[in-house]
Amino acid sequence: MRDCVTSAGTLGSVYGNDFGTPQEGDQRPRESGDPAAFTQLLADDCRIEPRDDMPEAYRKTLVRQIAQHAHSEIIGMQPEANWISRAPSLRRKAILMAKVQDEAGHGLYLYAAAETLGADRADLLDQLHSGRQKYSSIFNYPTLTWADVGAIGWLVDGAAIVNQVPLCRCSYGPYARAMVRVCKEESFHQRQGFEILHTLSHGTAAQKAMAQDAVNRYWWPSLMMFGPPDDDSPNSAQSMAWGIKRFSNDALRQRFVDMTVPQAEALGLTLPDPEIVWNDERGHYDFGEVDFTELFEVIKGNGPCNAQRMAHRREAHEDGAWVREAASAYAAKQAESGVGAA
Ligand SMILES: [Fe+2]
Ligand SMILES: [Fe+2]
């Protein structure tokens, strides 16, 4: 990264939840209405900030991507929340509650980042609830046993890390800064999942079998989290040119496989793909073909839990109406008394 955004400024902004403020060191004069300025900022590997002119297509792509990411975070609370009341110990319960709460926080950072692009949060949620905007297909799979909580942490949060670390260098400042904190928290999530599976796989034969079954069910859907193959991913080239995406879907999928195979060995569990083998020539693991028909079916709404997830989300939104009304009334009162302005 060039010195137009200092790393200290980047972190400071994230921890202050200050998504919209340009960072210290990013004070170069911006020429309003000059389309060349946007191209120059990208060429210099600088961040685009909310005050900068940007092509409408860039803004729209980011709103769609950030909203879809935010929706995934809050829908992703559901499969694991299913096990909070049945966690096997107080320690596991406390950790799982913190993890699910983190995901709610990720959703909030991301909706706030989308708002810096002029999007309206209520409108984005409407689009989710009416099915016009999507969320990650992985959250349409059920959590059948406690080991699934481990498999989700290890594989799903692990895949999320591989997807999201490059987003810390995304060209849009508020999104990139939100990702710094999100990735730190995802790292904790991944480790807690690994630890759950490690405990189970070193427990009784039945516990080990339960861990293996969870990994068998979550492995392929985790590989699908990187999206369709590069040949079938029409928007990727433009996103790469805009510095939103830094690596192709297939490159990230490969990175995830390379990272995960040795971890599976450490866990004493098997990944359900007999074609996984180290390829000395490529310097990577080879692996079997992902069934993308399944991915497209789940995206279309035909996954095992799509209807359940959406019904639960809509219900939670309706149940929370009084909180939003109370918060708006409080904000209006503060504005009236001038407290907000101060
Ligand atoms: Fe998250
Ligand atoms: Fe997570």
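Look a little higher up for the structure.
All figures in this text were calculated on a predicted structure; none of them were measured in a lab.

Visitor: What exactly am I supposed to notice about the pattern of salt bridges here?
Guide: Between side chains of opposite charge, a pair can form as their charged atoms come close. Within this structure, the stated rule accounts for 15 salt bridges. In this structure, Glu56 and Arg59 form a salt bridge, with 2.9 Å as the shortest nitrogen-oxygen distance. Highlighted residues: Glu56 and Arg59, both in helix α3 (residues 56-75), separated by three residues, approximately one helical turn. On the basis of relative accessibility, which here comes to 42%, the residue Glu56 falls in the partly exposed class. In this structure, Asp213 engages Arg217 in a salt bridge whose closest nitrogen and oxygen atoms are separated by 3.1 Å. Residue Asp213 and its partner Arg217 are located together in helix α9 (residues 205-224), separated by four residues, close to a single helical turn. Note on Arg217: relative accessible area 25%, which makes it partly exposed. Here the residues in one salt-bridge network are Glu80, Lys99, Glu103 and Asp157, joined through shared partners.

Visitor: Would you mind going over the packing of helix α8 (residues 173-201) against α9 with me for this structure?
Guide: Pairs of packed helices are described in terms of their axes, by the angle between the two and the distance that separates them. In the contact formed by α8 and α9, the axes pass within 7 Å of each other and the chain directions differ by 140°. Judged by the angle between their axes, α8 and α9 are oblique. For the pair α8 and α9, the contacting residues are Leu197, Leu200 and Ser201 in the first and Gln207, Lys208, Met210, Ala211 and Val215 in the second. Taken together, the residues of the contact of α8 with α9 break down into five nonpolar, two polar and one charged.

Visitor: What's the story with the coordination of the iron ion (ligand 1) in this structure? I'm lost.
Guide: Ideal geometry at a metal centre: 109.5 degrees between donors when four sit tetrahedrally, and 90 or 180 degrees when six sit octahedrally. Bound to the iron ion (ligand 1) are the protein donor atoms Glu73 (OE), Glu103 (OE), His106 (ND1) and Glu186 (OE), situated 2.0 to 2.2 Å from the metal. Viewed at the metal, the four donor atoms of the iron ion (ligand 1) are separated by angles of 86 to 142°, and the geometry they form is irregular. In this model, the iron ion (ligand 1) sits 3.4 Å from the iron ion (ligand 2), the two metals being bridged by Glu103. Of this pair, Glu103 and His106 both sit in helix α5 (residues 90-115), separated by three residues, roughly a single helical turn. Using a relative accessible area of 5% as the deciding quantity, one classes Glu103 as buried.

Visitor: Is there a simple way to explain the packing of aromatic side chains in this structure?
Guide: Where two aromatic rings form a pair, the distance of their centres and the angle of their planes describe that pair. Counted according to the given criterion, the structure contains six aromatic pairs. Taken together, a centroid distance of 5.6 Å and an interplanar angle of 85° make the contact between Tyr58 and Trp242 edge-to-face. With a gap of 184 residues between them, Tyr58 in helix α3 and Trp242 in the loop between α10 (236-241) and α11 (249-267) connect regions that are remote in the sequence. Considered together, Tyr58 and Trp242 belong to a single accessibility category, that of buried residues. It is Arg86 that lies over the ring of Trp83; its NZ or CZ is 3.9 Å from the centre.

Visitor: Explain α11 to me, please; I cannot follow it from the model alone.
Guide: Helical periodicity: at 3.6 residues per turn, an α-helix aligns residues three or four positions apart in one direction. Taking 1.5 Å per residue as the helical rise, α11 with its 19 residues ought to reach 27 Å, and the 27 Å between its terminal C-alpha atoms agrees with that figure. Listed in full, the buried residues belonging to α11 are Asn249, Leu252, Arg253, Gln254, Phe256, Val257, Asp258, Thr260, Val261, Ala264 and Leu267. Close packing links the buried residues of α11 with α7 (146-164), α8, α9, α10, β2 (284-286) and α12 (292-302). The positive-phi residue at the C-terminal boundary of α11 is Gly268, with phi of around 80°.

Visitor: How should I be thinking about the coordination of the iron ion (ligand 2) in this particular structure?
Guide: Taken together, the protein donors to the iron ion (ligand 2) comprise Glu103 (OE), Asp157 (OD), Glu186 (OE) and His189 (ND1), at separations of 1.9 to 2.2 Å. One can describe the site at the iron ion (ligand 2) as irregular: its four donor atoms subtend angles covering 87 to 156° at the metal. All donors to the iron ion (ligand 2) come from one chain, and their sequence spacing reads E-x53-D-x28-E-x2-H. On the basis of relative accessibility, which here comes to 4%, the residue Asp157 falls in the buried class. For Glu186, a relative accessible area of 2% translates into the label buried.

Here is what the cut-offs are and how they apply
Residues numbered from 1 in each chain as written. Chains lettered and ligands numbered in written order. Predicted model: local features only at pLDDT ≥ 70, side-chain atom pairs only at ≥ 80, totals over all residues. Heavy atoms only, no water. Salt bridge = Lys/Arg side-chain N within 4 Å of Asp/Glu carboxyl O. Helix = DSSP H or I, 4+ residues; strand = E, 2+ residues; numbered from the N terminus. Buried < 20%, exposed > 50% of the residue type's maximum accessible area, 1.4 Å probe, protein only. Axes fitted to C-alpha atoms, helices over the stretch in contact; angles between N-to-C directions. Parallel < 35°, antiparallel > 145°, perpendicular 65-115°, else oblique. Contact = heavy atoms within 4.5 Å. Nonpolar A, V, L, I, M, F, W, Y, C, P; charged D, E, K, R; others polar. Donors = N, O, S within 2.8 Å, 3.2 Å for Na, K, Ca; no water. Tetrahedral: all angles 85-135°; square planar, octahedral: opposite > 155°, others 65-115°. Phe/Tyr/Trp six-rings, centres within 6.5 Å; stacked < 30°, edge-to-face > 60°. Lys NZ or Arg CZ within 6 Å of the ring centre and 35° of its normal. Expected span 1.5 Å × (residues − 1).

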